[in-house]
Amino acid sequence: MEETPPGQLRPQPQPAHASPPFPAPGSFTPPPRVFSPALAARGTPSPGSGHGAPAHLSTPPGPPVFSSPLRPAAVPFRATPSSPHPVPFAAAGGGYSSSSSTTTASLPNSSAPHFLNGAATPHGDLAPAPSLLQGDGLDNPYVQFSANKVLKQKKLLNTPSLGFGALVSPGKEVPPGPEVVERDPRRCLNCGAYVNLYCDISIGSGQWQCIICKKLNGSEGEFVVSSKQDLLQWPELASTTVDYVQVGNRRPGFVPVSDSRVSGPIFILIDECLDEAHLQHLQGSLHAFVDSLPPTAKIGIITYGRTVSVYDFSEGSAVSADVLPGNKSPTHESLKTLIYGTGVYMSPIHALLPVAHTIFSSLRPYQLSVPEVSRDRCLGAAVEVALGIVQGPSVELSRGIIKRSGGNCRILACVGGPCTFGPGSVPHSVKHPNYAYLEKTAMKWMESLGHEAQRHSTVVDIFCAGQCPVRVPVLQPLAKCSGGVLLLHDDFGEAFGVNLQRASTRAAGSHGLFEIRCSDNMLVTQVIGPGEEASPDSHETFKHDSSFCIQMHSVEETQSFSVSMEIKGDIKSDFVFFQFAVHYSNVYQAEITRVITMRLQTVDGLSAYLASVQEDVASVIIGKRTVLRARTASDAIDMRQSIDERVKDIALKFGTQAPKSKLYRFPKELASLPECLFHLKRGPLLGSIIGHEDERSVLRNLFLNASFDLSLRMLAPRCIMHREGGTFEELPAYDLVMQPNAAVVLDHGTDIFIWLGAELAAQEGQSAAALAACRTLAEELSEQRFPAPRILSFKQGSSQARYFVSRLIPAHKDPTYEQESRFPQLRTLTPDQRARLKSSFIHFDDHSFCEWMRSLKLVPPEPS
């Protein structure tokens, strides 16, 4: 059996018959006090805002050079938080009892009629609920299934090449939000499932039947009502999604009114080893960042090089810092000296904004003549110091460490090079004879530090910029295990600053536990996402609890889990039920249990099942299962080949053979699926259009944890052409879109490209208007996206245009009739325009989509 790779959550045990899921992927004295009356006057102004072309490609190979100058950070940034403000808690019901009783006896006879959540049933018999009242919840914003119906036949549903599953975003925030109830949830005492709108309920006795294990549970008379309409007063019996809120030690009825754009205190870690050009852009981004924060936001500032400097705000307008050595982890005694001393290391923005600007302006470039990659950076020790201060005086409780009040915390690390000094460091050169072993040791240490941060409700986001290799394999475990992200930027300018802001406004929950329960022998076979399988002693278990539990690193709306499922035998019932529950502590220290319950209809016919397949969702799930196994460059080559085999197998299992031919037709219901997978095969996640493995590694980690919307865009780009009059038209992402008189926007998730045709670019006024309109569209498409994408613009024929061309399917090689069938916009061109377009292409060996399908002995599907 293959070893389960990191990042894959696989429940145990697996049924013997099930098809295997696609596998993945010393101490020191107290710190001295350094004081300066005023470190420096605010002498280095932040760079002015520009409106030229935005930032460029990051890490080796070097970025393309654009005609416009580098765009520094705008001051201040537009406040566009990536999540809406949390809805204040409002009780949606009284303080009902949470205890339950259960029985396996039949429902007692009663003179009152019996209802299934409002549906009258004859003489005590329980029957399915009417769909008119309850629906199936298929429009639920938190869960998207790969198909809206479930095949009853085990052999077909369990086909590994297509598979069945769901994308779940349990931390997603949507207005107006789910029903909120300030009481404990009522649960099945046999399996632990939650009462919900699909449960069979007798209004005469108040008993309810669990949808997962079919056992009866009592409600201590709570659900005894006189009318079916009375059941709708319980939100959990009227809605597919309910948030149960326990306010803990807050006073009853407390409603938070503080500015909710910031999830909690923020520590900014700043690399001291930057050259002057990089430092100036970082200063501009930091000035703009603190200006964008609300007055109540609490921040702390640390700089690190060979030492760790923690800035103290207790001196008013003066600036002082406590300095700790960076060659070893801080001892408990040294941290106590900081925490219990007179220093103030975190303070609200309204009290320290001038001081923060003074600190940023006082930063100086690296002075020694040492190459960037060889400079000493003690990032590990700096994170340890920040974590110690964030934790502060704490109390051990049964569930772990509970911090002082102030909400969950973030550490935002601004990094310009690798950690080469102190704990978690690697040698300066990869040619060091012991580099492989030391790298493995550093990765293990960083992973342990990430888990420690996660236990203390602290997320570590690492923002790298510049051209110095940062040793991504070493830093990635720290971000991942704490629930944060690692991002690579071209420079410390605009995109870097925007991501700083958006990271700080992500409302993060902590201590997350994600539970999945399914009925009718439906089995979870693989989960991919930002978490790891929970140990049995980390959560409450029930006598016959068949749920699969995941310990989440953090709970954020930008995340999703890919859940693959199979059935242990043919399904007999008309519906399959799914229940997803996430427990977490929110930014106000309240305990939240979000319960999402859905049902899918079962069908016998293959055509009905295929018609219900959600191709975009299925593509993303397949993409995540594939990318999970692409841990190295050689793995990626194997995964590209596996896509060929997968597409052929889907056609063989679900398609039909063409008459008088050995070719198979791909099922028409899945017409767009192979094209999405063709983009995956060619694109940056598996392909070779990005030049450095570190970049591919960062992209893959983002993709595996990303929300459905971002995942889909990273998988298959969205192509939009600018039309005369300022309108836009969405077109297939084919190279036929590169028309000399057009402007095109290509959204590929983490990158948005603006391409100007040569004829349009030659017309100064029209090209400026088209470029401005495309830029506005790109900003609107990505306004709330995290991470914020690079927005690159260039002209036809320029060297940097290859980054745009490489993401388009080379359809110019196809016959004219196929081009017009798949790209109808061609019919609007004049013969002369068609001829100029045809002559503009440079021929190379890459297959078009149709050529690829035929190479697999498949008939290309008709465009949908």
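Rules behind the numbers
Residues numbered from 1 in each chain as written. Predicted model: local features only at pLDDT ≥ 70, side-chain atom pairs only at ≥ 80, totals over all residues. Heavy atoms only, no water. UniProt positions renumbered as here; feature names shortened; annotations may be inferred. Helix = DSSP H or I, 4+ residues; strand = E, 2+ residues; numbered from the N terminus. Buried < 20%, exposed > 50% of the residue type's maximum accessible area, 1.4 Å probe, protein only. Areas by Shrake-Rupley, 256 points an atom, 1.4 Å probe, with all protein chains shown as cover. Expected span 1.5 Å × (residues − 1). Bend = angle between axes of the 7 residues up to and from the residue. Contact = heavy atoms within 4.5 Å. Lys, Arg positive; Asp, Glu negative; His and termini not counted. Salt bridge = Lys/Arg side-chain N within 4 Å of Asp/Glu carboxyl O. Axes fitted to C-alpha atoms, helices over the stretch in contact; angles between N-to-C directions. Parallel < 35°, antiparallel > 145°, perpendicular 65-115°, else oblique. Left-handed = near helix turned anticlockwise from the far one by under 90°. Nonpolar A, V, L, I, M, F, W, Y, C, P; charged D, E, K, R; others polar. pLDDT = per-residue confidence, 0-100. Disulfide = S-S within 2.5 Å. Pairing = 2+ DSSP bridges. Right-handed = clockwise from strand over helix to strand, strands pointing away. Core = buried A, V, L, I, M, F, W, Y, C linked by side-chain atoms within 4.5 Å. Phe/Tyr/Trp six-rings, centres within 6.5 Å; stacked < 30°, edge-to-face > 60°. Lys NZ or Arg CZ within 6 Å of the ring centre and 35° of its normal.

An unreviewed UniProt entry annotates the chain as Protein transport protein SEC23 of Urochloa decumbens. Check the Function (unreviewed entry) section of the UniProt entry for the chain; it says "Component of the coat protein complex II (COPII) which promotes the formation of transport vesicles from the endoplasmic reticulum (ER). The coat has two main functions, the physical deformation of the endoplasmic reticulum membrane into vesicles and the selection of cargo molecules." Per its UniProt entry, the chain bears the Sequence similarities (unreviewed entry) comment "Belongs to the SEC23/SEC24 family. SEC23 subfamily."

When its secondary structure is counted, the chain shows 21 helices and 38 strands. Within the chain, the fraction of its 864 residues that count as buried is 59%. As displayed, the chain offers around 33,800 Å² of accessible surface, 54% of which is attributable to carbon and sulfur atoms.

This paragraph deals with helix α5 (residues 349-362). Counted at 1.5 Å a residue, the expected span for α5 with its 14 residues is 20 Å, and the 18 Å between its end C-alpha atoms agrees. Of all the bends found along α5, the most pronounced is centred on V355 and spans about 30 degrees. Of all 14 residues that make up α5, 10 are buried, and the element is covered over most of its length. Looking at the buried residues of α5, the elements they touch are β14 (266-271), α3 (276-292), β15 (298-304), β16 (307-312), β17 (319-325) and β18 (347-348).

Further remarks concern the side chain of R713. Tracing the backbone shows R713 in helix α15 (residues 708-715). Of the side chains with opposite charge, D747 comes closest to the buried, unpaired R713, at an N-O distance of 4.9 Å. The residues touching R713, leaving out its near neighbours within four places in the chain, are R718, D747, H748 and G749.

It is worth spelling out the packing of helix α12 (residues 633-654) against helix α13 (residues 673-682) at this point. Running from N to C, α12 and α13 point in directions that differ by 170 degrees, and their axes come no closer than 10 Å. As summarised for this structure, α12 and α13 are arranged roughly antiparallel, according to the angle between their axes. Counting all contacts with α12, which are made through R640, I643, D644, R646, V647 and I650, the residues of α13 involved are L673, P674, L677, L680 and K681.

Bringing the packing of helix α11 (residues 615-627) against helix α14 (residues 693-705) into the picture now. Between α11 and α14, the shortest axis-to-axis distance is 10 Å and the interhelical angle comes to 135 degrees. In terms of their interaxial angle, α11 and α14 are classed as oblique. Our pair here, α11 against α14, has a crossing hand that is left-handed. Together, V620, G623, K624 and V627 of α11 and R700, F703, L704 and N705 of α14 make up the contact between the two elements. Across the contact of α11 with α14, the residue classes tally to four nonpolar, two polar and two charged.

With that settled, consider the confidence of the model for the chain. Overall, the prediction assigns the chain a mean pLDDT of 80, with 80% of residues at 70 or greater. In this model, residues 249-262 is a region of pLDDT below 50 whose contacts with residues beyond four sequence positions or in other chains number 26 contacts.

A few words on the state of the cysteines. Following the criterion strictly, the structure yields zero disulfides and no others. Free cysteine C213: the closest other cysteine sulfur is in C188, separated by 3.6 Å.

As summarised here, the arrangement of the five strands in space is β34-β33-β35-β36-β37, forming an open sheet in which the pairing is mixed. The outermost strands of the open sheet, each flanked by one partner alone, are β34 (728-731) and β37 (790-795). When the angles between neighbouring strand axes are averaged without regard to direction, this sheet yields 20 degrees. Contacting β33 (718-722), β34, β35 (743-747), β36 (751-756) and β37, helix α17 (residues 764-781) runs over the sheet at an angle of about 150 degrees to β33.

The next subject is the sheet that holds strand β38 (residues 858-859). Across the sheet, which stays open at both edges, the three strands sit in the order β31-β32-β38 with mixed pairing between neighbours. For this open sheet the edge positions go to β31 (656-657) and β38, each flanked by a neighbour on one side alone. By the bridge criterion, two bridges tie β31 to strand β32 (residues 664-665) in an arrangement that is antiparallel. Each bridged residue has a counterpart across the sheet, and for Q657 the counterpart in β32 is Y664.

Now for the pattern of salt bridges. Within the structure shown, the criterion is met by 35 salt bridges. As a salt-bridge pair, R723 and E729 come within 3.6 Å of each other at their nearest N and O atoms. A relative accessible area of 28% places R723 in the partly exposed class. It is possible to trace a salt-bridge network through shared partners that takes in R410, D461, R506 and E556.

Take the pairing of strand β22 (residues 458-465) next. Of all the eight residues making up β22, eight are buried; the element is thus mostly covered by neighbouring parts of the structure. Two strands pair when backbone bridges link them, and strand β21 (residues 409-415) and β22 are joined in this way by seven bridges, in the parallel orientation. Across the sheet, L412 pairs through a bridge with D461, a residue of β22. Chirality of the crossover, the property in question, places the unit of β21, helix α7 (residues 435-455) and β22 among those that are right-handed. Bridge count for β22 against strand β23 (residues 486-489) is four bridges, and the pairing is parallel. Looking across to β23, one finds that I462 is bridged to L486. Between the parallel elements β22 and β23, the chain passes through helix α8 (residues 472-482) in a crossover that is right-handed.

A few words now on unusual backbone geometry. Of note, the amide linkage connecting P175 to P176 takes the cis form, showing an omega dihedral of -5 degrees. Cis rather than trans, the peptide bond between F786 and P787 has omega equal to 5 degrees. At K214, a residue that is not glycine, the phi angle is positive and equals roughly 70 degrees. Assignment of secondary structure puts K214 in the loop between β11 (208-209) and β12 (216-217). We note that H511 has phi near 50 degrees; this positive angle belongs to a residue other than glycine. Mapping H511 onto the fold places it in strand β24 (residues 510-518). Judged by its relative accessible area of 10%, H511 is buried.

The next thing to look at is the nonpolar core. Within the largest apolar cluster, 191 residues are counted, with the highest numbers of intra-cluster contacts made by F164 and L269. Sort the elements by how many residues they give to this core and helix α6 (residues 379-391) lands first, with nine residues. For L269, the contacting residues outside a window of four places in its chain are I302, Y304, L379, A382, V383, A386, I411, L412, A413 and C414. Residues C191, A193, L197 and I212 belong to the second largest nonpolar core, which totals 19 residues.

Below, the discussion takes up the environment of V290. Structurally, V290 can be placed in helix α3. Residue V290 is classed as buried on the basis of its relative accessible area, which comes to 0%. With residues up to four places along the chain from it excluded, the contact list for V290 reads I268, I299, I349, L353, H357 and F360.

Before going further, it helps to spend a moment on the packing of aromatic side chains. Scanning the entire structure with this criterion turns up 17 aromatic pairs. Each ring, one from F492 and one from F496, has its centre 4.9 Å from the other, and the planes form 65 degrees; the classification is edge-to-face. We classify F492 as buried; its relative accessible area is 1%. What links up through ring pairs into an aromatic cluster is the set F145, F164, F514, F561, F578 and F580. The residue whose ring lies beneath R186 is F223, and the NZ or CZ to ring-centre distance is 5.7 Å. Positioned above the aromatic ring of F575, the side-chain terminus of R599 is 4.1 Å from the ring centre.

Moving on: the pairing of strand β30 (residues 591-603). Most of β30 sits out of view: 11 of its 13 residues are buried. In the sheet, strand β13 (residues 241-246) pairs with β30 via six bridges, with the strands oriented antiparallel. Bridging across to β30, Y244 finds its partner in T593. The sheet contact formed by strand β29 (residues 575-585) and β30 spans 11 bridges and is antiparallel. What sits directly across from A581, in β30, is V595.

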